[in-house]
Amino acid sequence: MLTDCPYNKHEGTIVSADQIDGSHCNIHQNIADFQILPAKLKLRFKDLPWLISSSAVSQESRLAFWLQIVNHVKSIRSILINSLHGEGGDSDLYDPPQGQEILPVGPLLFDDGCKKTTTMWQTDQTCTDWLDKQSVGSVIYVSFGSWAAPIGPEKISGLAHGLEASERPFLWALKNHPSWRAGLPDRYMEKVACRGKIVSWAPQDDILKHKAVGCYITHCGWNSVLEAVRHGVPMICYPISSDHFINCAYIVHMWEVGIALVSSDQSDVKDCIGRVMEDQEGRHLRQMVNKLRETITVGEAMCVAKRSLSLFMGRIKNNQPDEDIRGDQVTPQNK
């Protein structure tokens, strides 16, 4: 039984991180202490995606919703997950309930034969032309996704000064809205125009596959992580909310394809960029991300993903009874 998790036994509500003190639990405690997740992840309670307000009513309703989802999932025959077979954790050791199968299909996003993904945001197509003028592996790409909340003027200011202090070319996708651009130093875009480019939204997949890009400062949204791995780009992780912190733990500790940016202070930003772009640590990150890229794009993971989707579609088409599902499990042997 978990006696130290962020749950108030007396009131029956989850406790948010800012309410936790020594009498409830240690939010810095490694979850692996409870043998739930791999110890290598170094995941803490504070990293979990609670997304809960301080209201007891909101906490209770959210917990009830989660429990409802968990119980409902137990009855689902096939579950497609946007993840990878053999991604390095212990998910492949999970044994689903009788009559259920977990089907990883993440690598299918990497199939160049599929139609190009569209976006609801208007991309700046001048990015590619600008990248063509930069040296191989020299550019820092910065983006915090399409749905993440604004990170605040102070953090934007720190990132801006850190990028400038790095003295390297950078491409920053930063929404053209006061809630996001508040914090940019006065006349910043003019000061960095010789080697920096800021756009409202960028064609991310085209950027990450460009030979000029050397690293990616990311919020660790899952789709962004997959895109970075697909193109072999090491990451500097600056998680913001929800699952970003868990994804960051996998990037940094499990896969070793990125490092964590602990703050947006100018010195920290400059230091992380130097570590990834210059040091031996950066060479190791590139080796590891290229190894993972090869595994999921041309290796076993792609074969398993295609097999998973085929099985799933077969279940729908043939309306197979539950007792037949487990007989055709997706394994490396029958891919």
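The coordinates are above.
As a starting point, this report considers the structure included with it.

Rules behind the numbers
- Residues numbered from 1 in each chain as written.
- Predicted model: local features only at pLDDT ≥ 70, side-chain atom pairs only at ≥ 80, totals over all residues.
- Heavy atoms only, no water.
- Axes fitted to C-alpha atoms, helices over the stretch in contact; angles between N-to-C directions.
- Helix = DSSP H or I, 4+ residues; strand = E, 2+ residues; numbered from the N terminus.
- Contact = heavy atoms within 4.5 Å.
- Nonpolar A, V, L, I, M, F, W, Y, C, P; charged D, E, K, R; others polar.
- Core = buried A, V, L, I, M, F, W, Y, C linked by side-chain atoms within 4.5 Å.
- Buried < 20%, exposed > 50% of the residue type's maximum accessible area, 1.4 Å probe, protein only.
- Pairing = 2+ DSSP bridges.
- Expected span 1.5 Å × (residues − 1).
- Phe/Tyr/Trp six-rings, centres within 6.5 Å; stacked < 30°, edge-to-face > 60°.
- Disulfide = S-S within 2.5 Å.
- Salt bridge = Lys/Arg side-chain N within 4 Å of Asp/Glu carboxyl O.

Relative to each other, helix H10 (residues 280-297) and helix H11 (residues 300-318) sit at 35 degrees, their axes nearing to 4 Å. Contact residues: H10 offers Thr295, Ile296 and Thr297, while H11 offers Glu300, Ala301 and Met302. Residue composition of the contact of H10 with H11, by class: three nonpolar, two polar and one charged.

With their axes 5 Å apart at the nearest point, helix H9 (residues 266-277) and H10 run at an angle of 65 degrees to one another. Every residue of H10 that contacts H9 at Arg275, Val276 and Met277 is listed here: Glu281, Gly282, Leu285 and Arg286. Class assignment for the residues of the contact of H9 with H10 results in three nonpolar, one polar and three charged.

A word on the nonpolar core. Of all hydrophobic cores here, the largest spans 40 residues; its most connected members are Tyr141, Leu171, Met235 and Trp255. Among the elements that line this core, the one with the most residues is helix H8 (residues 244-254), at six residues. Formed by 28 residues, the second largest nonpolar core is a distinct cluster that contains Ala160, Leu163, Leu174 and Val192.

Below, the discussion takes up the sheet that holds strand E8 (residues 213-218). Pairing is parallel across the open sheet formed by six strands, whose spatial order is E7-E6-E5-E8-E9-E10. Each edge of the open sheet carries a strand with a single partner, namely strand E7 (196-199) and strand E10 (258-260). Shown here is a sheet whose adjacent strand axes are inclined to one another by a mean of 15 degrees, direction ignored. With three bridges joining them, strand E9 (residues 235-237) and E10 adopt parallel strand pairing. Pairing of Cys237 across the sheet is with Ala260, part of E10. With respect to the sheet, helix H3 (residues 153-166) is in contact with strand E5 (139-143), strand E6 (170-173) and E8, its orientation differing from that of E6 by roughly 165 degrees.

Between its terminal C-alpha atoms H11 stretches 27 Å, which fits the 27 Å expected from 19 residues at 1.5 Å a residue. Of all the residues in H11, the buried ones are Ala301, Met302, Val304, Ala305, Ser308, Leu311, Gly314 and Arg315. Asn319 occupies a position one or two residues after H11 and carries a positive phi of about 50 degrees.

So, about the packing of aromatic side chains. Evaluated as defined, the whole model comprises six aromatic pairs. With 6.5 Å between their ring centres and 15 degrees between their planes, Phe144 and Trp180 make a pair best called stacked. Of the two residues, Phe144 is situated in the loop between E5 and H3 and Trp180 in helix H4 (residues 178-181); the sequence distance between them amounts to 36 residues. You'll find Phe144 and Trp180 in the same group, each marked buried. Of the aromatic side chains, those joined through ring pairs into one cluster are Phe144, Trp180 and Tyr238.

Tallied over the full model, the rule gives zero disulfides. As a non-bridged cysteine, Cys237 has Cys220 as the owner of its nearest cysteine sulfur, 3.7 Å distant. Not engaged in a disulfide, the cysteine Cys248 finds its nearest cysteine sulfur in Cys237; these two sulfurs lie 4.2 Å apart. Judged by relative accessible area, Cys248 falls into the buried class, the value being 9%.

Moving on, we come to the pattern of salt bridges. Within this structure, the stated rule accounts for nine salt bridges. We note a salt bridge from Arg230 to Asp205, for which the minimum N-O separation is 3.3 Å. Of the two residues, Arg230 sits in helix H7 (residues 222-230) while Asp205 sits in helix H6 (residues 204-208), which places them 25 residues apart along the sequence. Asp205 carries the same exposure label as Arg230, and that label is buried. The shortest N-O distance in the salt bridge between Asp271 and Arg275 comes to 4.0 Å. Of this pair, Asp271 and Arg275 both sit in helix H9, four residues apart, roughly one helical turn. Through salt bridges that share partners, Asp271, Arg275 and Glu281 make up one connected network.

Moving on, we get to unusual backbone geometry. A positive phi angle is found at Cys220, which is not glycine, with a value near 75 degrees. Topologically, Cys220 is positioned in the loop between E8 and H7. The class of Cys220 is buried, set by a relative accessible area of 0%. The phi dihedral of Glu256 falls on the positive side, at around 60 degrees, and the residue is not glycine. Within the secondary structure, Glu256 sits in the loop between H8 and E10. A residue is classified by how much of its surface remains accessible, and Glu256, at 25% relative accessible area, is partly exposed.

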